[in-house]
Amino acid sequence: MTQSMTSLERTRTVLAGGIPDRVPVDLHNFMMVAEASGAPFPEFFQDGEAMAEGQIKAWREFGHDVLILENGTAALAEACGAQVEYMEGSAPVCHGPAIKSLDDIDKLEVPDPYKVFPLTENLRATRIVAQEIGDKAFIIGRADQGPFSLAAMLLGMEEFLLRLAQADGGRSGRRGGGGDAELAKKLHRLLEFSLAVTTRYAYAQIQAGAHMTSIGESLSGPDVCSPKSYKTFEWSYAKRMVENLKADNIQLAYHICGDATAIVPDMVETGATILELDYKVDMLAVKAATRGRATVLGPVDPSGVLALGAPSDVENAAREAIEILGEGGGLILGPGCALPPKTPAENVHRLIETARKYGVYA
Amino acid sequence: MSEEIILSELSQEEIYELMKEDLYDGLADEIVEEVNESLGRGQQPYEVLTYGLVAGMEIVGNDFRDGILFVPEVLMAAKAMKAGMAILRPLLAETGAEKIGSMVIGTVKGDIHDIGKNLVTMMMEGAGFEVFDLGINNSAEAYIEAIEKHDADILGMSALLTTTMPYMKVVIDTLKEKGIRKNVVVLVGGAPLNEAFAEAIEADAYCRDAAVAVETAKKFMQIRRGVKA
Ligand code: B1M
């Protein structure tokens, strides 16, 4: 009775604004999968076949409805020429820019996802997973980082943020506080380039068989940037990406972790189908803003609760989320960000059991 | 454009007020002018540092803590402060002004999140500390080598991942093994930490944000001075 739909039906029903048999569950488990493989992380995250195998194995073990496929947050940056380090025991990270200054934007080239590493390997993973279980589970092939976060990595994160503040202008207003229009223009050119990169990769993820794609834009969230900067330098790019993809019937999930509460109404306005939100958000405010307009994916704490908590903590957090965010549909239950490598399987099982037990719609 | 402000027409007090605002707005060129104007009027370097830059960064730190300013704005303020410091630092050294204290800081092994650590570094420098920034991904050996080399008063460690924060205990245990734990104040910070964790690993204090880091460091330096005197 509780399980009258398949994972695909269940997820699609929620995304369409309907009410499924129960709340679907996603895992954001690429690091858990790496840990379980026993292979060194650097090797694993550069091997599409291994990543696919690991994801399929995890799906057979846990039976979650939605898979998110990625190898961290640095794939597009690496493909564009930034320096990336593949670390042991963690996700690959970007630690050197692709361009020395905003005057070098013209030196950048949009990478061909079918030719340039590591996009090729990520797409290989998506293709295999889609072939093997794409008729049963819902697959989100992440198009890595969105325009804002990618631009930051290409220029160097601190340099980018500093330029952003400069372009925006001062706050006290004593000296006019006008900002630097020339600089703003250059930043927008870089964002424009990044939008092209991530959009192209998004299409490739869908062609590889993903049901949907996703971008991460945590850096633009209120834990780092002001809602004003978000609106000026991120929002319209995300909105355009959503619109471009929608024109081709492709749906986008939009990830901003940390406490995004202040910008959730703006995130909804982009038209993104899913908002991936973290445990720090105010769930009541999020429900009010998303009801009937977007599906929330999250918001269980991946570290404090899922990795370090007891199964009962997982159950409590999941029940609270189901009660508030799952009311009348609109929720895919899961961690609001990446699960740490050593997240106990017991806790993941409990997350899914909780949805089966308490996430059932009458 | 900006309203025309003629520095020479302002009183020194007004210039200090203006410095606070320009620091808040991250205007490096203006800060440089104001520092030079103040020095030209016979203000002592430490006065310019204290009433202009440090006072200004304190406002920046508080507004960051209160969610009024965000990371980009603080980075820009810190850059303006650095421009002012570049003029004052050699003068401060010449006049033999006493340093508040020194700190070695870095993110722990496995952790590359350095935005928060960089802000702490800048605010500490803004408050007059001498800071040796080891960057990211530091082993216990790297921290200890730097502490010994610079005879640092304070060790600051930063971790943003639940998987890397336990390494802070490894560092503290190594300090103990080497018998040098008591020579240095250990301050820890980073989003997933809390007071209980800091206590459990026997750090001296947990710092919720950069402003708290500065306050805490100052407090410990007073205690240290007391002990040394
Ligand atoms: C005296 O000593 C002191 C005193 C005070 C100290 C101190 C030291 N250190 C800090 N403080 C204190 O003062 C500072 C100023 O007030 C404060 O510093 P904070 O650092 O707390 O605050 C900063 C000013 C602003 N905050 C930040 O800079 C962090 C922002 C978020 C978005 C974030 C970012 C930007 C990044 N990330 Co990462 N990232 C997230 C963050 C999510 C979020 N929205 O918060 C977080 C921290 N990341 C996370 C993860 C999982 C990861 N990240 C990763 C990578 C990255 C980027 C490279 C993309 C980028 C880092 C860029 C850089 N150069 O730093 C990966 C790991 C990399 C690694 N090995 O370290 C990766 C594993 C993700 C992946 N999918 O690849 C999560 C950690 C979860 C956990 N608790 O374990 C995370 C909370 C996101 C989430 N919601 O789950 C205080 O804590």
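Above this text you will find the structure in question.
One structure accompanies this document, and this report is about it. (Residues numbered from 1 in each chain as written. Chains lettered and ligands numbered in written order. Predicted model: local features only at pLDDT ≥ 70, side-chain atom pairs only at ≥ 80, totals over all residues. Heavy atoms only, no water.)

## Details of the overall build of chain A
Cut-off, in case you're wondering: Strands here are runs of E lasting at least two residues and helices are runs of H or I lasting at least four, both read from the DSSP assignment and numbered beginning at the N terminus. Radius of gyration here is computed from C-alpha atoms only, and the compact-globule reference equals 2.2 Å multiplied by the residue count raised to the power 0.38. The classification of residues rests on relative accessible area computed with a 1.4 Å probe and restricted to protein chains. Under 20% of the type maximum is buried, over 50% is exposed, and intermediate values are partly exposed. In what follows, residue pairs with any heavy atoms lying within 4.5 Å of each other are defined as contacts. Throughout, the Shrake-Rupley method with a 1.4 Å probe supplies accessible areas, and for residues the shown protein chains are the sole cover considered. Positive charges come from Lys and Arg, negative ones from Asp and Glu, while His and the chain ends are left out of the count. Working definition for charges: the position is that of NZ of Lys, CZ of Arg, CG of Asp or CD of Glu.
The number of helices and strands found in chain A is 15 helices and 10 strands. For chain A, the C-alpha radius of gyration of 20 Å lies close to 21 Å, the compact-globule estimate for 362 residues. Seen along its three principal axes, the alpha-carbon backbone of chain A occupies a region of about 65 × 45 × 40 Å. Buried positions account for 60% of the 362 residues belonging to chain A. Taking contacts inside chain A between residues at least 6 apart in sequence as the whole, the part at least 24 apart equals 72%. Roughly 13,300 Å² of accessible area belongs to chain A as shown, and the carbon and sulfur atoms make up 49% of that amount. Between the averaged position of the 34 positive side-chain charges in chain A and that of its 48 negative side-chain charges there is a distance of 5 Å.

## Points about the overall build of chain B
When its secondary structure is counted, chain B shows nine helices and five strands. Along chain B, from the amino end to the carboxyl end, the secondary structure elements read α-α-α-α-β-α-β-α-β-α-β-α-β-α. Here the C-alpha atoms of chain B give a radius of gyration of 18 Å, agreeing with the 17 Å that 2.2 N^0.38 yields for 229 residues. Each principal axis of the C-alpha distribution contributes one length, and for chain B these read about 60 × 40 × 25 Å.

## Re the coordination of the cobalt atom of the ligand
Between any two of four tetrahedral donors, the ideal angle at the metal is 109.5 degrees; between two of six octahedral donors, it is 90 or 180 degrees. Rules: Sodium, potassium and calcium take a 3.2 Å donor cutoff, other metals 2.8 Å, and in both cases only N, O and S atoms count; water is not among them, so sites may look incomplete.
Exactly one protein atom donates to the cobalt atom of the ligand; that atom is His 113 of chain B (NE2), 2.1 Å from the metal. Inspection of the secondary structure puts His 113 of chain B in the loop between strand E1 (102–107) and helix H5 (115–126).

## Concerning the site of the ligand
For the record, the criterion: When at least one non-hydrogen atom of a residue lies within 4 Å of a molecule or strand, that residue is treated as near it. As used in this structure description, the phrase polar contact means that two N or O atoms lie within 3.5 Å; if the pair is within protein, one of them must be able to donate a hydrogen and the other to accept it, and residues adjacent in sequence are counted only when both atoms belong to side chains. Throughout this entry, Asp, Glu, Lys and Arg are counted as charged residues, while Ala, Val, Leu, Ile, Met, Phe, Trp, Tyr, Cys and Pro are counted as nonpolar. The remaining residues, Gly among them, count as polar.
Neighbouring the ligand are 45 residues; Asp 278 of chain A together with His 113, Asp 114, Ser 158 and Thr 162 of chain B lie closest to it. In the environment of the ligand, a nitrogen atom lies 2.6 Å from a nitrogen or oxygen atom belonging to the side chain of Asp 278 of chain A. Residue Thr 162 of chain B places a main-chain N or O atom 2.8 Å away from an oxygen atom belonging to the ligand. Mapped onto the shell around the ligand, the elements with two or more residues apiece are helix H2 (30–37) of chain A together with H5, strand E3 (154–158), strand E4 (185–189) and helix H9 (210–228) of chain B. Across the shell around the ligand, the residue classes break down as 25 nonpolar, 14 polar and six charged.

## Points about the sheet that holds strand E5 (residues 138–145) of chain A
All names here are of chain A. Heads up, the condition is: Between any two strands, at least two bridges found by DSSP are needed for them to pair. The axes are straight lines fitted to the C-alpha atoms, using for helices just the contacting stretch, and the angles between their N-to-C directions are given from 0 to 180°.
The parallel open sheet is built from eight strands, whose spatial order is E1-E2-E5-E6-E7-E8-E9-E10. In the strand order of this sheet, the two ends are held by strand E1 (26–27) and strand E10 (331–335), each with one partner. Of the strand pairs in this sheet, strand E6 (residues 212–216) and strand E7 (residues 252–256) are connected by four bridges, and their pairing is parallel. Bridging across to E7, Thr 213 finds its partner in Leu 252. This element, helix H1 (residues 7–15), spans strand E2 (66–69), E5, E6, strand E8 (274–277), strand E9 (295–300) and E10 of the sheet and lies at about 60° to E5. In the packing of helix H9 (residues 181–207) onto the sheet, the strands contacted are E5 and E6, and the crossing angle to E5 comes to about 160°.

## Overview of the sheet that holds strand E5 (residues 205–207) of chain B
Residues and elements named next belong to chain B. Read from one edge of the open sheet, five strands run E2-E1-E3-E4-E5, paired in parallel fashion. Both edges of this open sheet fall to strand E2 (130–133) and E5, since each of them pairs with a single strand only. Strand after strand, the sheet turns through a mean of 25° between neighbouring axes, direction not considered. Taken together, the five bridges between E1 and E3 define a ladder with parallel strand orientation. From the neighbouring strand, Val 104 faces E3, where its bridge partner is Leu 155. Strand contacts of helix H7 (residues 167–177): E3 and E4, with the helix running at about 155° to E3, the strand carrying the most contacts.

## Some words on the pairing of E8 of chain A
Two faces belong to every sheet, and in a regular strand the side chains alternate between them. All names here are of chain A. Counted only if it meets this: By convention, a crossover is right-handed whenever its connection, traced from the first strand over the helix to the second and viewed with the strands pointing away, goes clockwise.
Side chains Ile 274 and Glu 276 project from E8 onto one buried face, and the interleaved Leu 275 and Leu 277 project onto a second face that is buried too. For the crossover that starts at E7, traverses helix H11 (residues 264–269) and ends in the parallel E8, the hand is right-handed. Both E8 and E9 contribute to a ladder of three bridges, which runs parallel. Counterpart to Leu 275 in the pairing with E9 is Val 296. Regarding the hand of the β-α-β motif, the stretch spanning E8, helix H12 (residues 283–290) and E9 is right-handed.

## What to know about a negative patch on the surface
Residue and element names in this part refer to chain A. Threshold: Residues form patches when they are more than 30% accessible in relative terms and have no salt bridge. Like charges link within 9 Å. Nonpolar side chains (Val, Leu, Ile, Met, Phe, Trp, Tyr) link within 5 Å. Salt bridges are counted wherever a side-chain nitrogen of Lys or Arg sits within 4 Å of a carboxyl oxygen of Asp or Glu.
A contiguous patch of negative charge on the surface is contributed by Glu 43, Asp 47, Glu 49 and Glu 53. Relative to the elements of secondary structure, Asp 47 occurs in the loop between helix H3 (41–44) and helix H4 (48–62). For Asp 47, a relative accessible area of 32% gives the class partly exposed.

## Re the pairing of E9 of chain A
All names here are of chain A. A large share of E9 lies buried, amounting to six of its six residues. The pairing of E9 with E10 spans five bridges and is parallel. If you follow Val 300 over to E10, its bridge partner there is Pro 335.

## Let's talk about unusual backbone geometry
Going from Phe 117 of chain A to Pro 118 of chain A, the amide bond is cis rather than trans, its omega being 0°. With respect to the helices and strands, Pro 118 of chain A occurs in the loop between strand E4 (93–96) and helix H6 (119–133). Cis geometry is adopted by the peptide bond preceding Pro 299 of chain A, which originates at Gly 298 of chain A and carries an omega value of -15°. Relative to the helices and strands, Pro 299 of chain A is located in strand E9. Even without being glycine, Asp 151 of chain B reaches a positive phi, approximately 50°.

## Considerations on the interface of chain B and chain A
Tallying the contact residues gives 28 residues for chain B and 29 residues for chain A. Counting across the chain B and chain A interface gives three residue pairs in polar contact (both at pLDDT 80 or more). Mapped by element, the contributors of at least two residues to the side of chain B that touches chain A are helix H1 (12–24), helix H2 (28–40), helix H4 (71–94) and H5 of chain B. No other element matches the six residues that H4 of chain B contributes to the side of chain B that touches chain A.

## Overview of the nonpolar core
Quick reminder of the rule: Only buried Ala, Val, Leu, Ile, Met, Phe, Trp, Tyr and Cys residues count toward a nonpolar core, and they belong to the same one when joined by side-chain atoms within 4.5 Å.
Counting residues in hydrophobic clusters, the biggest one holds 169 residues, and the most contacted among them are Phe 160, Leu 161, Leu 190, Met 267 and Leu 333 of chain A. Beyond its immediate chain neighbours, meaning those up to four positions away, Met 267 of chain A contacts Tyr 230, Tyr 254, Ile 256, Ala 260, Ala 272, Leu 275 and Leu 277 of chain A. One finds Tyr 143, Met 157, Ile 172 and Val 188 of chain B within the second-largest nonpolar core, a separate group that totals 28 residues.

## Brief notes about the state of the cysteines
All names here are of chain A. This is how the line gets drawn: What counts as a disulfide here is a pair of cysteine sulfur atoms lying within 2.5 Å.
In the structure shown here, the tally under the stated rule is zero disulfides over all chains. Of the cysteine sulfurs around Cys 80, a residue in no disulfide, the closest is that of Cys 94, at 10 Å. Given a relative accessible area of 11%, Cys 80 falls into the buried group.

## Regarding the packing of helix H3 (residues 45–65) of chain B against H4 of chain B
All names here are of chain B. Heads up, the condition is: Geometric relationships in this document are graded by angle, where less than 35 degrees denotes roughly parallel, more than 145 denotes roughly antiparallel, 65 to 115 denotes roughly perpendicular, and other angles denote oblique. Helix crossings fall into two classes, left-handed where the near helix is turned counterclockwise from the far one by less than a right angle and right-handed where it is turned clockwise.
Their axes nearest at 11 Å, the elements H3 and H4 cross at an angle of 165°. Comparing the axis directions of H3 and H4 gives the class roughly antiparallel. For the element pair H3 and H4, the recorded crossing hand is left-handed. For the pair H3 and H4, the contacting residues are Pro 45, Tyr 46, Val 48, Leu 49, Leu 53, Met 57, Val 60 and Phe 64 in the first and Val 71, Val 74, Ala 77, Ala 78, Met 81, Gly 84, Met 85, Leu 88, Leu 91 and Leu 92 in the second. For the contact of H3 with H4, the per-class residue count stands at 17 nonpolar, one polar and no charged.

The analysis is restricted to geometry; functional conclusions fall outside its scope.
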